[in-house]
Amino acid sequence: MATGRSIVRRVASTPWNARLRELASQSLFSESISLYRSMLRSGSSPDAFSYPFTLKSCAALSLPVSGQQLHCHVIREGCVAEPFVITALISMYCKCGLVEDARKVFDENTQSHQLGLAVLNSFITMYMKCGSVESGRRLFDGVPVKGLITWNAVMSGCAQNGLAYDVLEIYEEMKSYGVRPDPVTLVSVLSSCAHLGAQRIGQEVEKLVEANGFVSNVFVCNALISMYARCGNLAKARGVFDVMPVRSLVSWTAMIGCYGMHGMAETAVKLFDDMIKSGIRPDKTVFVMVLSTCSHSGLTEKGLELFDAMKREYKLEPGPEHYACVVDLLGRAGRIDEAMGFIESMPIEPDGAVWGALLGACKIHKNVDMAEIAFAKVIEFEPMNIGYYVLMSNIYTDSKNQEGIWRIRVMMRERGFKKEPGYSYVEHMGRVHLFLAGDRSHEQTEEVYRMLDELEASVMEIEGNTECDRCGEVSSSTREHSERLAVAFAILNTSPGAEILVIKNLRVCEDCHVFIKMVSKVVDRRFVVRDASRFHYFEDGLCSCKDYW
DNA sequence: GTAGGGTTAG
């Protein structure tokens, strides 16, 4: 029964609650928390309806301390019995990674075990956020009547754990049950398309976005920008960015990253300046983006300048990832000793990424002595990261140090490493086709190999059997082989409407250059190829990127 | 009124 006191409270907090709800629904999370504080200062007492939005904001910003304060208020105000406050609390703790606290709230409020689905959804999210994908999926499978949010929870969880292909599968399954996607669903699907380079599927999703009137949703637009950026379609990415009614910091970050990936560092830096002018405060993420963009394009001084501005002007404390960017910046420019000096002067302890950046620079500039120092350090931090062993082995290969190569091989054997097979994928007619070396599982395998033979025969005819000078390494042959299969498949299936093919993980070696040149002649259309960090455009057999050849 | 969401180098 409502007491007179609680009625007075309810009336007093209602206008505040409406505003809290509005702010949280517009993703204005810090504003929502400030409003809650103003509400307390003004003497209004929060009620049960004030908490869910404020807790959601704490969860979104990952502010566990504020969340715990709110939990105290919930107890003080006697709202612990409200099921929707309990689910919001569990969700907040789950998202902040405080599993124990979430579990405690769950155990102490047994009545919420019946409310049911919301708590299950929260727990699926929690498992996924903690990286226990298996547990999350098991819980999901056991939910008898899945709601849209249940589907969204498992899909976003898979997306966040890099299981992009699973997301697309679950999405199909969801549709087969007649469940209609909402913006949150489409965000996960788009983000997975981005990771797979699946532009066709992404375009289908964009049609759905338009048909359902989700175009003004900032999350959806950001995911679209990132999808088009990673699929090599810069024009479309920019198109989405330009028509957005409201751009968040993430929108700018995605767009800056898009120019960075495409080797257009000047435009990226210009966009960063525009962002500042438009009154948006940069965060650490956007600095990672713009710094790495500068190092890829050789804008060394500009990068160093920005790193300085980050600390002085924007009062942002650089993390190890920023220091790694600066080491990369100096290292790529050949300023290896300076990079080493910079590491030694760091106020925080350098991590694996910092030493890894130095190791990468040593590979480019063939500095074996420094590489050995960096390698020893980097495997202290990341002993199980096979990439660094391969990198060091390649440095020895370049310097023809046979003893070094053997030493690395022994280390790898002792640690029981098994190399993951390299693979490539091509999107065709909305399906992603994956190829491994020697792979014969594809339904068109006979035709694919026939096409591959034809192409390789013509390559040799034209250029002679050019030997690749980088293929001494452990991983190259398998990966190249898978790429060739993917290319052969792509040519075989290129339909007149298909403008762009995206081939990921392409290794840069002489042999591949010849091959790609050949391929572009055969298909007579534009090719976009992505290697480790950027896109290369091939038109009429020529790549416009000067350092590619 | 609860539960689910976008950007990140080496």
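In the annotation of an unreviewed UniProt entry, the entry for chain A reads DYW domain-containing protein, and the organism field reads Brassica napus.

### Notes on the protein's contact with DNA strand B
Near DNA strand B, the surroundings consist of 42 residues, among which Asn152, Asp182, Asn222, Ser248 and His296 are the closest. Among all atoms of DNA strand B positioned within 4 Å of the protein, those belonging to sugar or phosphate total 51%. Taking Asn217, its side chain carries an N or O atom lying 2.8 Å from a base nitrogen of DNA strand B. Arg230 has a polar side-chain atom sitting 3.1 Å from a phosphate oxygen of DNA strand B.

### Details of the environment of Arg19
Inspection of the secondary structure assignment puts Arg19 in helix H1 (residues 4-25). Each C-alpha atom, one on Arg19 and one on Ser50, is 9.8 Å from the other, the two residues being 31 residues apart in sequence.

### Re unusual backbone geometry
A positive phi angle, close to 50 degrees, is found at Ser62, a residue other than glycine. In this model, Lys366 sits at a positive phi of 50 degrees, which is unusual for a non-glycine residue. Residue placement: Lys366 occurs in the loop between helix H22 (352-364) and helix H23 (368-381). What makes Lys366 exposed here is its relative accessible area of 58%.

### With respect to helix H4 (residues 64-76)
Taking 1.5 Å per residue, 13 residues should reach 18 Å; H4 reaches 18 Å between its end C-alpha atoms and fits that length. Where H4 is buried, its residues touch helix H2 (29-41), helix H3 (51-60), helix H5 (83-95) and helix H6 (99-108). Just beyond H4, the residue with positive phi is Gly78, at close to 70 degrees.

What counts as what
Residues numbered from 1 in each chain as written. Chains lettered and ligands numbered in written order. Predicted model: local features only at pLDDT ≥ 70, side-chain atom pairs only at ≥ 80, totals over all residues. Heavy atoms only, no water. Near = heavy atom within 4 Å. Polar contact = N/O pair within 3.5 Å; in protein donor to acceptor, adjacent residues only side chain to side chain. Helix = DSSP H or I, 4+ residues; strand = E, 2+ residues; numbered from the N terminus. Buried < 20%, exposed > 50% of the residue type's maximum accessible area, 1.4 Å probe, protein only. Expected span 1.5 Å × (residues − 1). Contact = heavy atoms within 4.5 Å.

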